[in-house]
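A closer look at the structure
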Amino acid sequence: MTLALDQIAAGGTASGANEEALRRQAHGERRSMLALTLPALLLVGFVVLIPIGWLFWLSFVDKSGFTLIHYQRLLHPTYLLTLRTTFELAFTVTVVCLLLGYPLAYLASQLPRRWASLVLLCVLFPFWTSLLVRTYAWLVLLQRRGLVNTWLQKLGIIEEPLRLVHNFTGTAIGMTHIMLPFMVLPLYATMKTISEDYMRAAANLGASPIRAFWQIYVPLSFPGLAAGLIVVFVLSLGFYVTPALLGGGRVMMWAMQIERSTTVYADWGAASAMGVVLLVITLGILWLVSRLTGSAKLGEAR
């Protein structure tokens, strides 16, 4: 009996020693991982966090010290109109990219590899051309005597040239052309991972092709869809070159307002306040999307 108790005690001591050794090993691995990631964390801190902190600081100070005048100035109707235009344009471009990009990504995912590569090559081809060149190309195409209006008049579709540039429409067209690849690529990457067996199983269970597509395929493509929507929308909020050229000064984006505050008025406080507001709104949208996505996943799991 005494021998058995001694063996149990020895086993408990050994188990405790093993647990302590595993705990020390886990702490050592965490320290090693932290040491490996420390250079990247320092780089992010210097490149991202410090400039953002400096931006926040400038938005709350002026020559007299701490102030909220820069944020109060943003309540002026001019700034509010610019902010509204920015979000309207970003939302419009995101919706159009979704309507064009989802069928294109679906087509590429269903084609044989060779033809799919050709489709993706056409999608990525604009990346090989400068953003400024592409914007000026749209300016040439859409102006009053551009190729689009000329062809439409020769075909007898219109009598007078359409106003396609220096307005909201032309800006949306140019931005959609630039943003479309950012919608197609995440969707294509997700769609390629969807097995065809799901659609076959739905057909065997009596679902029509349209019903199987909407109830099986589309929900499975949500990760790529969410990624594409977020990327396109966030990038569109900070666009500058394309609205400045195709908008012709009539479409004022928030980024253009920031540039005007710094270069024309040399008001870094107002520019910083606008940057902070845009950053906070963007982070709020990303947080809301993450919450909605998490709620949707939780509902599917239940």
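Residues numbered from 1 in each chain as written. Predicted model: local features only at pLDDT ≥ 70, side-chain atom pairs only at ≥ 80, totals over all residues. Heavy atoms only, no water.

**Observations regarding the overall build of the protein chain**
Definition in use: Helix and strand assignments come from DSSP, with helices taken as H or I runs of at least 4 residues and strands as E runs of at least 2, each series counted from the N terminus. Radius of gyration here uses only the C-alpha atoms, and the compact-globule reference equals 2.2 Å multiplied by the residue count raised to the power 0.38. When checking whether two residues touch, look at their non-hydrogen atoms; a contact exists if any pair is within 4.5 Å. Per-residue and other accessible areas were derived by the Shrake-Rupley procedure at a 1.4 Å probe size, with only the shown protein chains allowed to occlude residues. Asp and Glu are treated as the negative residues and Lys and Arg as the positive ones, with His and the ends of the chain left uncounted. Every charge is mapped onto a representative atom, which is NZ of Lys, CZ of Arg, CG of Asp or CD of Glu.
In terms of regular secondary structure, the protein chain is built from 13 helices and 2 strands. The C-alpha atoms of the protein chain give a radius of gyration of 28 Å, which is well past the 19 Å a tight globule of 302 residues would have. The principal-axis extents of the C-alpha atoms in the protein chain amount to approximately 105 × 70 × 35 Å. Contacts spanning at least 24 positions in sequence make up 71% of the contacts within the protein chain whose residues lie at least 6 apart. For the protein chain, the exposed area adds up to about 19,400 Å²; of that, 69% sits on carbon and sulfur atoms. Positive and negative side-chain charges in the protein chain, numbering 22 and 13 respectively, have mean positions lying 9 Å apart.

**A look at the packing of helix α3 (residues 77-110) against helix α7 (residues 168-191)**
Basically, it comes down to this: For helices, the fitted axis covers only the stretch in contact; all axes are lines through C-alpha atoms, and the angles between them, taken along N-to-C directions, range from 0 to 180 degrees. Each angle receives one of four descriptions, namely roughly parallel if under 35 degrees, roughly antiparallel if over 145, roughly perpendicular if within 65 to 115, and oblique otherwise. Less than a right angle of anticlockwise turn of the near helix away from the far helix marks a crossing as left-handed, whereas a clockwise turn marks it as right-handed.
α7 packs onto α3 with a crossing angle of 45 degrees between their chain directions and a minimal axis gap of 6 Å. Accordingly, the angle class assigned to the pair α3 and α7 is oblique. α3 and α7 meet at a crossing whose hand is right-handed.

**Section: the pattern of salt bridges**
To be explicit about the condition: A carboxyl oxygen of Asp or Glu within 4 Å of a side-chain nitrogen of Lys or Arg is what we treat as a salt bridge. Relative accessible area decides the class of each residue, using a 1.4 Å probe on protein chains only: under 20% of the type maximum gives buried, over 50% gives exposed, and in between gives partly exposed.
Counting across every chain of the model gives 3 salt bridges. Across the salt bridge formed by D197 and R200, the nearest N and O atoms sit 2.8 Å from each other. Here the residue D197 and the residue R200 both occupy positions in helix α8 (residues 196-204), the gap between them amounting to 3 residues, near one helical turn. For R200, a relative accessible area of 46% gives the class partly exposed. Salt bridges linked by common partners bring E196, D197 and R200 together as one network.

**Quick notes on the domain arrangement of the protein chain**
The following threshold applies: All the domain ranges listed were derived from an automatic or database domain assignment.
Entries for the protein chain in the domain assignment read domain 1 (1-46) and domain 2 (79-297). Between the C-alpha centres of domain 1 and domain 2 there is a distance of 49 Å.

**Here we look at a positive patch on the surface**
Applied cut-off: Think of a patch as exposed residues, more than 30% relative accessible area, with no salt bridge, where like charges cluster within 9 Å and nonpolar side chains (Val, Leu, Ile, Met, Phe, Trp, Tyr) cluster within 5 Å.
On the surface, R144, R145, R163 and R250 cluster together into a positively charged patch. Within the element layout of this structure, R250 appears in the loop between α11 (241-246) and α12 (254-263). Take R250: its relative accessible area is 59%, and that puts it in the exposed class.

**Some words on the side chain of S109**
Our working definition: Side-chain atoms alone can form a polar contact between residues adjacent in sequence; in general such a contact is a pair of N or O atoms within 3.5 Å, and within protein one must be able to donate a hydrogen while the other accepts it.
Inspection of the secondary structure puts S109 in helix α3. Overall, S109 belongs to the buried group, its relative accessible area being 10%. A polar atom in the side chain of S109 sits 3.5 Å from the side chain of Y217. If we skip the residues at most four places from it in the chain, S109 touches Y188, M191, K192 and Y217.

**Notes on the environment of F66**
Looking at where F66 falls in the secondary structure, it is placed in strand β2 (residues 65-66). Once you skip the residues sitting within four places of it in the chain, F66 turns out to touch F60 and V61.

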